Structures are given as C-alpha cells and as structure tokens.
Amino acid sequence: MSDLAESPADGMRSENGDVDPHDGRDETETERLDRNWNEILQELRVIQTGTQILTGFLLTLAFQQRFTDLDAYQVDTYLALVIVAALTTVLGLVPVALHRSLFRMKAKAAIVRIANRVLKVTIAAVGICLVGTIMLIFDVVVSRPAGIIAGVVALVVVILAWLAFPLGAAAGRKRD
C-alpha cells in the first residue's frame with residue numbers, strides 16, 4: 001500500500017487502516033458500514049415510535065363523537081394526514097425490508113446509502129404529519145386562523161430544529 005491515503009470510494013485505506021483518514025477512526029470500510037447501519041437502526045427506532053404514536057392518535061380520531069362536527073376542510077386535512085402518517089410508517093420500514101431482502105448479498109454499502117436517503121425522507125414526512133396534526137387540532141379546538149398560525153409556527157420550529165440547526169452545526173464544525 002502506498003504512503004498516500006486513497007479515497008474511501010476506491011475502497012483503499014490509508015497507512016493506519018482507516019477508510020477516511022481525516023475522521024480519527026481506525027476502521028475498515030466494512031466496520032464503517034456496520035457502524036453506520038447500526039446508527040441508522042437507532043434513528044429508525046426513535047422515528048418509528050413517534051410515527052406509530054402519531055398514526056395511532058390520528059386513526060382514533062375518526063371514532064370520536066365530535067368527528068361528525070368537522071367541516072369539509074377539517075375532514076380533508078384529517079384524511080390527508082392519515083395518508084401521510086401511513087406513508088411515513090411505510091417509509092420507516094423500508095430500510096428494514098431492504099436489509100431483509102438483500103441480507104447476505106454483500107450489499108451493505110447500498111443498503112446504508114439507500115436507508116440513509118429513505119430516513120431523510122421519513123423525517124420530512126414526520127415533520128409534515130406533525131405540523132398538519134398541530135394545525136388540525138388548533139383548527140378544531142380554537143379556530144381556523146389559530147390553526148393556520150399554529151401550523152406555521154410548528155413548521156418554522158421543525159425547519160429550524162431539523163434543518164437549520166444541523167446545517168449550522170455542520171458549518172461551524174467545518175470552521176473548527
């Protein structure tokens with residue numbers, strides 16, 4: 001092996017055996033993929049629990065007595081949220097199904113890459129479902145304007161917490 005560190009994409013290691021010689025870890029590409037997969041699984045556990053609770057909450061609403069009092073906008077919003085919640089649940093299970101389908105096929109790199117992308121979409125879908133649910137609850141309990149305001153505030157909080165803050169932290173890390 002040469003003295004020069006090769007790129008991780010080439011599957012080559014630096015002198016110290018690290019796939020990415022700049023992150024301070026001494027691991028092979030396989031070890032890195034296993035670690036990344038385990039991190040994705042931990043994140044999936046968190047998101048699946050929240051998604052299941054939110055979906056369960058939405059599914060029970062249709063069986064409440066006040067549900068018949070909803071206007072057309074509220075019913076349409078509710079049905080859209082049920083669809084988003086169901087899709088979010090399905091998306092949250094894609095990495096597990098993908099892993100099961102490709103198990104022992106030497107496809108860990110593809111599984112990690114695809115699962116990472118699907119997890120990002122799942123997080124966005126959870127945000128949409130959460131914002132919509134807050135909007136619907138405020139609309140039903142208080143008023144339509146209150147629902148819109150609560151939805152906008154929730155959307156801003158989600159964008160700041162889940163997008164702006166991590167991007168800002170990453171930019172700050174690059175400066176260090």
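**Student:** Give a detailed account of the packing of helix α1 (residues 29-61) against helix α3 (residues 108-141), specifying residues and quantitative values.
**Tutor:** How two helices sit against one another is set out by the angle between their axes and by the gap between those axes. Running from amino to carboxyl end, α1 crosses α3 at an angle of 25°, the nearest separation of the two axes being 10 Å. Compared by their axis directions, α1 and α3 come out roughly parallel. Note on packing geometry: the crossing formed by α1 with α3 is left-handed. Of the residues contributing to the contact of α1 with α3, the split by class is 18 nonpolar, five polar and three charged.

**Student:** So what about the nonpolar core? Which residues, and what values?
**Tutor:** In terms of nonpolar packing, the biggest core is built from 13 residues, with W37, I40, L44, I47, I111, V112 and L119 touching the most fellow members. For this core, the leading source of residues is α1, giving six residues. For I47, the residues in contact, after removing those within four places along its chain, are L119, T122, I123 and V126.

**Student:** Could you give an account of the packing of aromatic side chains, naming the residues involved and the relevant values?
**Tutor:** With the rule as written, the count across this model stands at one aromatic pair. Ring geometry for F67 versus Y78: centroids 5.0 Å apart, planes at 70°, classification edge-to-face. Taken as a pair, F67 in the loop between α1 and α2 (72-102) and Y78 in helix α2 lie far apart in primary sequence, eleven residues in all. Accessibility classification places F67 together with Y78 in one group, the buried group.

**Student:** Can you break down unusual backbone geometry residue by residue, with the values?
**Tutor:** Phi at R104 takes a positive value of approximately 65°, unusual for a residue other than glycine. By the secondary structure assignment, R104 is in the loop between α2 and α3.

**Student:** With reference to specific residues and values, describe the packing of α2 against α3.
**Tutor:** Running from N to C, α2 and α3 cross one another at 160°; their axes reach a closest spacing of 9 Å. Between α2 and α3, the angle is such that the two are roughly antiparallel. By crossing handedness, the relation of α2 to α3 is classed as left-handed.

**Student:** Talk me through the environment of D71; I want residue IDs and the actual numbers.
**Tutor:** Summarising the element assignment, D71 is placed in the loop between α1 and α2. Relative accessible area serves as the criterion here: at 33%, D71 is assigned to the partly exposed category. Along the backbone, D71 and V140 are 69 residues apart, and their C-alpha atoms lie at a distance of 9.2 Å. Of note is the side chain of D71, whose polar atom sits 2.8 Å from the backbone nitrogen of Q74. A polar contact of 2.7 Å, which involves the side chain of D71, links it to the side chain of R144.

**Student:** Provide a residue-level description of the environment of I137, including the pertinent values.
**Tutor:** Within the secondary structure layout, I137 lies in helix α3. For I137, a relative accessible area of 35% translates into the label partly exposed. The spacing of I137 and Y78 is 59 residues in sequence and 9.8 Å in space, taken between C-alpha atoms. When near neighbours in sequence (up to four residues on either side) are disregarded, I137 contacts F57 and V142.

**Student:** Outline a nonpolar patch on the surface, listing residues and values.
**Tutor:** Where nonpolar side chains cluster on the molecular surface, the patch consists of F57, I137, F138, V141 and V142 and spans about 440 Å² of accessible area. Counting residues per element, the nonpolar patch draws most heavily on α3, which supplies three residues. The topology assignment puts V142 in the loop between α3 and α4 (144-175).

Cut-offs used in this document
Residues numbered from 1 in each chain as written. Predicted model: local features only at pLDDT ≥ 70, side-chain atom pairs only at ≥ 80, totals over all residues. Heavy atoms only, no water. Axes fitted to C-alpha atoms, helices over the stretch in contact; angles between N-to-C directions. Helix = DSSP H or I, 4+ residues; strand = E, 2+ residues; numbered from the N terminus. Parallel < 35°, antiparallel > 145°, perpendicular 65-115°, else oblique. Left-handed = near helix turned anticlockwise from the far one by under 90°. Nonpolar A, V, L, I, M, F, W, Y, C, P; charged D, E, K, R; others polar. Core = buried A, V, L, I, M, F, W, Y, C linked by side-chain atoms within 4.5 Å. Buried < 20%, exposed > 50% of the residue type's maximum accessible area, 1.4 Å probe, protein only. Contact = heavy atoms within 4.5 Å. Phe/Tyr/Trp six-rings, centres within 6.5 Å; stacked < 30°, edge-to-face > 60°. Polar contact = N/O pair within 3.5 Å; in protein donor to acceptor, adjacent residues only side chain to side chain. Patch = residues over 30% accessible without salt bridge, like charges linked within 9 Å, V, L, I, M, F, W, Y side chains within 5 Å. Areas by Shrake-Rupley, 256 points an atom, 1.4 Å probe, with all protein chains shown as cover. Salt bridge = Lys/Arg side-chain N within 4 Å of Asp/Glu carboxyl O.

In short, geometric facts, not functional conclusions.
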